[in-house]
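Observations on the three-dimensional arrangement
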Amino acid sequence: MIWYFVKLLILLPLVGGMAFGALWLWRKYQPGMMAGQNDRSLKVLEALPMGTFGKLAVVEFEGKKILLSVTRGRIEKIAEGDPYRAR
């Protein structure tokens, strides 16, 4: 019975640490978020959740900022702006 608790005290933190490490590595190296991809032609500048299934997103494409409405079934362009225009 004591041997069971010794194994439990050794293996439980080991398995927990492996799970934590795997989740940390997945978050750090998930696809699309790798380092060195700052030269992409499409950049998501900001995203704001709007309700349960929708969000507003500002993306930059070819030097223009575009405001998009993103829902589960569709994506619509709401507005387009010039990022170099004085505010």
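Now for a look at the structure at hand.

Calculation criteria
Residues numbered from 1 in each chain as written. Predicted model: local features only at pLDDT ≥ 70, side-chain atom pairs only at ≥ 80, totals over all residues. Heavy atoms only, no water. Helix = DSSP H or I, 4+ residues; strand = E, 2+ residues; numbered from the N terminus. Buried < 20%, exposed > 50% of the residue type's maximum accessible area, 1.4 Å probe, protein only. Contact = heavy atoms within 4.5 Å. Areas by Shrake-Rupley, 256 points an atom, 1.4 Å probe, with all protein chains shown as cover. Pairing = 2+ DSSP bridges. Axes fitted to C-alpha atoms, helices over the stretch in contact; angles between N-to-C directions. Patch = residues over 30% accessible without salt bridge, like charges linked within 9 Å, V, L, I, M, F, W, Y side chains within 5 Å. Salt bridge = Lys/Arg side-chain N within 4 Å of Asp/Glu carboxyl O.

**Some details on the overall build of the chain**
Tallying secondary structure elements over the chain gives one helix and four strands in all. Reading the helices (α) and strands (β) of the chain from amino to carboxyl end gives α-β-β-β-β. The proportion of buried residues among the 87 residues of the chain is 6%. In the chain, the proportion of contacts linking residues at least 24 apart, taken out of those at least 6 apart, comes to 0%. For the chain, the exposed surface amounts to about 8000 Å²; the carbon and sulfur share of it is 65%.

**Remarks on the sheet that holds strand β1 (residues 42-50)**
The four strands are arranged β1-β2-β3-β4 in an open sheet whose pairing can be described as antiparallel. Two strands in the sheet have a free side with no partner beyond their single neighbour: β1 and β4 (75-81). The mean inter-strand angle of the sheet, taken between neighbouring strand axes irrespective of direction, is 20 degrees. Judged from the eight bridges that link them, β1 and strand β2 (residues 54-61) form a sheet pairing that is antiparallel. In the strand pairing of β2, leucine 48 is matched with leucine 56.

**Looking at a nonpolar patch on the surface**
Judged by side-chain polarity, Ile2, Trp3, Val6, Ile10, Leu11, Leu14 and Met18 come together as a nonpolar surface patch covering roughly 780 Å² of accessible area. Its place among the elements puts methionine 18 in helix α1 (residues 2-28). Classification of methionine 18 as exposed rests on a relative accessible area of 56%.

**Some points on the pattern of salt bridges**
Tallied over the full model, the rule gives three salt bridges. Residue glutamate 80 is joined to lysine 64 by a salt bridge in which the shortest nitrogen-to-oxygen separation is 3.4 Å. Taken as a pair, glutamate 80 in strand β4 and lysine 64 in strand β3 (residues 64-70) lie far apart in primary sequence, 16 residues in all. Lysine 64 gets classed as partly exposed once you look at its relative accessible area, which sits at 42%. Between glutamate 80 and lysine 77 there is a salt bridge, and its shortest N-O distance comes to 3.0 Å.

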